[in-house]
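Results of the structural survey
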There are 2 protein chains.
Amino acid sequence: MRRVHDLETPAVLVDLDVVESNIARMAERARASGVRLRPHAKTHKVVEIARRQVAAGAVGLSLAKTSEAEVFADAGFEDLFVAYPVVGADKARRLLALAERLRRLTGGVDSVEGASTLAGAFRAAGRVLDVMLKVDVGFHRVGVPPERALETARRLADLPGLRLRGIFTHAGQGYHAETPEGVREVARHEGRTMAAVADELRKAGLALEEVSVGSTPTAREAMAQAGVTECRPGNYVYHDGTQVALGTCAPSDCALTVLATVVSVSGADRAVVDAGSKTLSSDPLRPRPGGYGQLAGRRSRIQRLSEEHGVIVVEGGEPFRVGERVRILPNHACVVSNLHDRVFGVRGDAVEGEMKVAARGRIE
Amino acid sequence: MRRVHDLETPAVLVDLDVVESNIARMAERARASGVRLRPHAKTHKVVEIARRQVAAGAVGLSLAKTSEAEVFADAGFEDLFVAYPVVGADKARRLLALAERLRRLTGGVDSVEGASTLAGAFRAAGRVLDVMLKVDVGFHRVGVPPERALETARRLADLPGLRLRGIFTHAGQGYHAETPEGVREVARHEGRTMAAVADELRKAGLALEEVSVGSTPTAREAMAQAGVTECRPGNYVYHDGTQVALGTCAPSDCALTVLATVVSVSGADRAVVDAGSKTLSSDPLRPRPGGYGQLAGRRSRIQRLSEEHGVIVVEGGEPFRVGERVRILPNHACVVSNLHDRVFGVRGDAVEGEMKVAARGRIE
């Protein structure tokens, strides 16, 4: 059995005990709230981990891009939701090919222009694509404002080739809330707004079967709101420094860490490890900046990154020596996954094996 | 012939006319200064582009990690410098395997502790590894301070299994200089400091054959300083938004852009494209923050990134519509390369073909 100490650095470690506990806990929360769980696979991009999520009760997976969905379709998953405004004739063709081999494929839309292209491709093939309309509950990224949801939904429902299955949102503003209570307030607003929009659409005669909310920080409160039917958290499977800072989880709930080696201590005030932005990403800590990675069992943090260097600013004379190993909790686990071809599944000090990050780099 | 317009988005485009002009210009500068050019291949990570650099006169390549060097050794390059403090027995074994198949391999060191492991592995195999000592000329990342260079160099020269070939530096502080004159001042300091350290070491009886400087912003001035023998710029092959902001190049000298599609215009103040931090990286603009990408022919910029979304804050009512294509100049080309399995070589609107980013994700 290989030990963690035997691995070359940098290496991404995934603690499987923590993953299993995270998966079980979120599945139990969804059951307790009576909602379907459709985890966002972008966090791990790993087939084996998605299988554990489905085995624990997930109804299917959420994906960010069409090409990500193709990876999980190839691996045998049958119910996939591309939770992104899918736009363009090339993507419509790929969705059509996916629809022909899945039990259920759902696409995200937030404009009639985007939806029309999908509708045209499916209608020409004699098929119907299930779509969900994205609603903006305050993140102000994509999604129609709640007050425009009815008008857009009516026009979508009129497009032959599409079936409007439901509405979905992502309350990403929760990542910028200053306090845990601020996060909960975002979550309640998310769930209630979506329930109210669903009521309005149903009263207008539109048959919605799904009211879907998302995000790890807001999942617990949002899925507890009456009228919500589905939840799509992603990050919970690993958690990260940002979730700890937001109060979503304890440090012991974080499954993904980076093993690195100290390669230089040329200045007394700093130590440099062989993990930089190519390994940790340059994503800042949320909700407030706080360096680029916390070292297990150390006070000092990584405060500066280059592509191949993580610069630890040494606190209070804490000793570091060339060649020693450190374990780093990154700010954002999802982007770390996207940087690596493989991660190592570990339990304590034992390395169980490698897992391929099968959907890494799928951007289309 | 495929046209740019035929490509699915997001897609990374590399303008080959610009690449060729950038390669020729830097090669000519090195020749005019009488220094050897050893480009850092981390910017492109593409075998075909490295071949063009060598064909234009580069003596070999610089790489950041041992595993990057392996990719270029596999592709037939014969003179490689791992310009990074190489630390650990596992890396020493990989360097040894590389040394056995290259005409010349050089490793970077900045500590006697790190160097001793390399020396032990090479001595045990009856071989000698050429090393360069990294000197810190003010970036304060890795490298010994100039005043400690002699003491460290003497100890390195005493290690059987190593040969101290020279000294090298990277004046990364040039990326934080506020003005083009500030960059030039960093460059002159870089070249002069290295020349002075080399003089001191030679007077102490150490035979140095290489005094190597680096970085695209400082290359021109640093290589012009007396005593400098080698220059290792990387970014110049593509350039990027940061080089334009620093005054290193004109916008027309930038070879790498990202083709993206507008997927949402749900708010009047914003448009969202299908290229986020998974495509552009979340590296900030240097020397001052200024969004995450400039749109060709547009006033508006990408001001916010999620993994799959680039949020354009619309300036002055500039129109964007769902489905339209935009071309984005990223802040930092090197990290964009590391996110993608392939880039498309283009000339004007014609797509010449795909190039594999062969050394993408090589972190070890």
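Going by the structure above, here's the rest.
Given the structure is predicted, the values throughout are model-derived calculations rather than measurements.

Observations regarding the overall build of chain A
When you go through chain A residue by residue, the secondary structure sums to eleven helices and 17 strands. Taken against the 2.2 N^0.38 rule, which gives 21 Å for 364 residues, the C-alpha radius of gyration of chain A at 21 Å falls within 12% of a compact globule. Principal-axis analysis of the C-alpha atoms gives chain A an extent of 70 × 40 × 35 Å. Split into buried and exposed, the 364 residues of chain A put 65% on the buried side. Within chain A, contacts between residues separated by at least 24 positions form 69% of all contacts whose residues are at least 6 apart in sequence. If you sum the accessible surface of chain A, you get close to 12600 Å²; carbon and sulfur atoms cover 48% of it. Once the 50 positive and 46 negative side-chain charges of chain A are each reduced to a mean point, those two points are 1 Å apart.

Examining the interface of chain A and chain B
Many descriptions give the size of an interface as the accessible area lost when the pieces come together. Contact with chain A, which involves 63 residues of that partner, is made by 63 residues of chain B. Taking both sides of the interface into account, the surface hidden between chain A and chain B amounts to around 5000 Å²; carbon and sulfur atoms contribute 43%. Here chain A and chain B share 18 salt bridges between them. The partner of Glu68 of chain A in a salt bridge is Lys278 of chain B, with the nearest N and O atoms 3.4 Å apart. The tally of links from chain A across to chain B stands at 47 residue pairs in polar contact (both at pLDDT 80 or more). Secondary structure elements with two or more residues in the side of chain A that touches chain B: β4 (79–85), α4 (89–99), α5 (112–124), β10 (256–264), β11 (270–273), α10 (277–280) and α11 (333–339) of chain A.

A short note on the relation of the copies chain A and chain B
The two chain copies are related to each other by a rotation about an axis together with a translation along it. When chain A is fitted to chain B, the best match, at an RMSD of 0.0 Å, comes from turning it 180 degrees and sliding it 0.0 Å along the axis. Classification of the inter-copy transformation places it as that of a two-fold axis. Judged by C-alpha distance, Ser282 of chain A is the residue of chain A that lies nearest the rotation axis, at 2.9 Å. Most of the interface of chain A is mirrored in chain B: 100% of its interface residues are interface residues there too.

Considerations on the packing of aromatic side chains
The final tally for this structure, using the stated rule, is four aromatic pairs over all chains. When the ring of Phe72 of chain A is compared with that of Phe77 of chain A, the centres are 5.7 Å apart and the planes differ by 75 degrees; the resulting orientation is edge-to-face. Residues Phe72 of chain A and Phe77 of chain A agree in their burial class; the two are buried. Relative to Phe168 of chain B, the ring of Phe81 of chain B lies with its centre 4.9 Å away and its plane at 80 degrees, an arrangement referred to as edge-to-face.

A look at the pattern of salt bridges
Scanning the model with the defined rule gives 76 salt bridges over all chains in all. For the salt bridge of Arg31 of chain A with Glu28 of chain A, the shortest nitrogen-to-oxygen distance reads 3.4 Å. Note that Arg31 of chain A and Glu28 of chain A are positioned in helix α1 (residues 16–33) at a spacing of three residues, about one turn of the helix. What makes Arg31 of chain A exposed here is its relative accessible area of 52%. A relative accessible area of 43% places Glu28 of chain A in the partly exposed class. Salt bridges here are not isolated pairs; linked through shared partners, they connect Glu8, Arg342 and Glu354 of chain A together with Glu70, Lys91, Arg94 and Glu364 of chain B.

Considering the environment of Val4 of chain A
Residues and elements named next belong to chain A. Mapping Val4 onto the fold places it in the segment before β1 (11–15). For Val4, a relative accessible area of 7% translates into the label buried. Here Val4 is in contact with Leu13, Leu259, Arg325, Arg327, Val346, Gly348, Asp349 and Val351, once residues within four sequence places are set aside.

Structural notes on the pairing of strand β5 (residues 104–109) of chain B
The side chains of a regular strand alternate, residue by residue, between the two faces of the sheet. Residue and element names in this part refer to chain B. Of all six residues in β5, five are buried, a share of seventy percent or more. Sheet topology note: the β5/strand β6 (residues 129–134) ladder contains four bridges and is parallel. Bridging from a neighbouring strand, Gly108 pairs with Met132 of β6. Assessed by its sense of winding, the connection that carries the chain from β5 through helix α5 (residues 112–124) to β6 is right-handed.

Some points on the state of the cysteines
Residues and elements named next belong to chain B. Inspection of every chain in the model, using the stated rule, returns zero disulfides over all chains. Cys231 takes part in no disulfide bond, and the closest cysteine sulfur to it belongs to Cys334, at a distance of 14 Å. A residue is classified by how much of its surface remains accessible, and Cys231, at 0% relative accessible area, is buried.

What about the sheet that holds strand β9 (residues 230–232) of chain B?
Working definition: the strands of a sheet are paired by backbone hydrogen bonds and lie parallel or antiparallel to each other. All names here are of chain B. The eight strands are arranged β2-β9-β8-β7-β6-β5-β4-β3 in an open sheet whose pairing can be described as parallel. Each of the sheet's edge strands pairs with one partner strand only, and the pair in question is β2 (36–37) and β3 (61–63). With three bridges connecting them, strand β8 (residues 210–214) and β9 associate as parallel partners. Each bridged residue has a counterpart across the sheet, and for Ser212 the counterpart in β9 is Glu230. Strand contacts of α5: β5, β6 and β7 (162–168), with the helix running at about 140 degrees to β7, the strand carrying the most contacts. Contacting β7 and β8, helix α7 (residues 180–203) crosses the sheet at an angle of about 160 degrees to β8.

Cut-offs used in this document
Residues numbered from 1 in each chain as written. Chains lettered and ligands numbered in written order. Predicted model: local features only at pLDDT ≥ 70, side-chain atom pairs only at ≥ 80, totals over all residues. Heavy atoms only, no water. Helix = DSSP H or I, 4+ residues; strand = E, 2+ residues; numbered from the N terminus. Rg over C-alpha atoms; globule rule 2.2 N^0.38 Å. Buried < 20%, exposed > 50% of the residue type's maximum accessible area, 1.4 Å probe, protein only. Contact = heavy atoms within 4.5 Å. Areas by Shrake-Rupley, 256 points an atom, 1.4 Å probe, with all protein chains shown as cover. Lys, Arg positive; Asp, Glu negative; His and termini not counted. Charge placed at Lys NZ, Arg CZ, Asp CG, Glu CD. Buried area = accessible area lost by both parts, 1.4 Å probe. Salt bridge = Lys/Arg side-chain N within 4 Å of Asp/Glu carboxyl O. Polar contact = N/O pair within 3.5 Å; in protein donor to acceptor, adjacent residues only side chain to side chain. Least-squares fit on C-alpha atoms with pLDDT ≥ 70 in both. Phe/Tyr/Trp six-rings, centres within 6.5 Å; stacked < 30°, edge-to-face > 60°. Pairing = 2+ DSSP bridges. Right-handed = clockwise from strand over helix to strand, strands pointing away. Disulfide = S-S within 2.5 Å. Axes fitted to C-alpha atoms, helices over the stretch in contact; angles between N-to-C directions.

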